[in-house]
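# Fold and geometry: a report
Single-letter residue listing:
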Amino acid sequence: MQIVHGEDGLAEALKATEALRPGAETKLDWKTVEGIAEDVPSCSLAYDEVLNLSLVDLLVSSGLFKSKSAARRLLKQGGLYLNNSRVDSESKRIEAADIVDGKVLLLSAGKKNKMLVRIA
């Protein structure tokens, strides 16, 4: 990996890989999220559409889930993450502070299913 990325690139790649892990302590910033963007499906939504939207609705409108019931089921099982932080509340709504650097959200369903929501 060092040969491909160089020393600085290696550090960024390792940070991005760590950031992808749900529950990771890595503080997400826009640069880190952009570093993983090509490896994660993404969609674009308007800021006004996302702000105050329930997380369950966002999970469906982003395409990560086909139905609200499937999203609620995984939430109750403790498998939903917003920016790598587990979400336990079905009533969670997206706040301005949830949007990383005002540009992106990282949704995770379990360990492998992710969706990057770009704020347009």
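Here is what the cut-offs are and how they apply
- Residues numbered from 1 in each chain as written.
- Predicted model: local features only at pLDDT ≥ 70, side-chain atom pairs only at ≥ 80, totals over all residues.
- Heavy atoms only, no water.
- Salt bridge = Lys/Arg side-chain N within 4 Å of Asp/Glu carboxyl O.
- Buried < 20%, exposed > 50% of the residue type's maximum accessible area, 1.4 Å probe, protein only.
- pLDDT = per-residue confidence, 0-100.
- Helix = DSSP H or I, 4+ residues; strand = E, 2+ residues; numbered from the N terminus.
- Polar contact = N/O pair within 3.5 Å; in protein donor to acceptor, adjacent residues only side chain to side chain.

### What to know about the pattern of salt bridges
- Counted by the stated rule, this structure contains four salt bridges.
- Residues Asp 98 and Lys 92 are paired through a salt bridge, measuring 2.7 Å at the closest nitrogen-oxygen approach. Lys 92 matches Asp 98 in its accessibility class, with the two residues each being buried.
- What you see here is one network of salt bridges that share partners, running through Lys 92, Glu 95 and Asp 98.

### Overview of the confidence of the model for the chain
- In this model, the chain carries a mean pLDDT of 84, and residues with pLDDT of at least 70 account for 78%.
- By mean pLDDT, the top-scoring element of the chain is helix α4 (residues 55-61) (97), and the lowest-scoring one is helix α1 (residues 2-19) (59).

### What about the environment of Ser 91?
- Residue position: Ser 91 is located in the loop between β3 (85-86) and β4 (104-109).
- Residues Ser 91 and Ser 54, spaced 37 residues apart in sequence, show a C-alpha to C-alpha distance of 6.7 Å.
- At a separation of 2.8 Å, a polar atom in the side chain of Ser 91 contacts the side chain of Ser 89.

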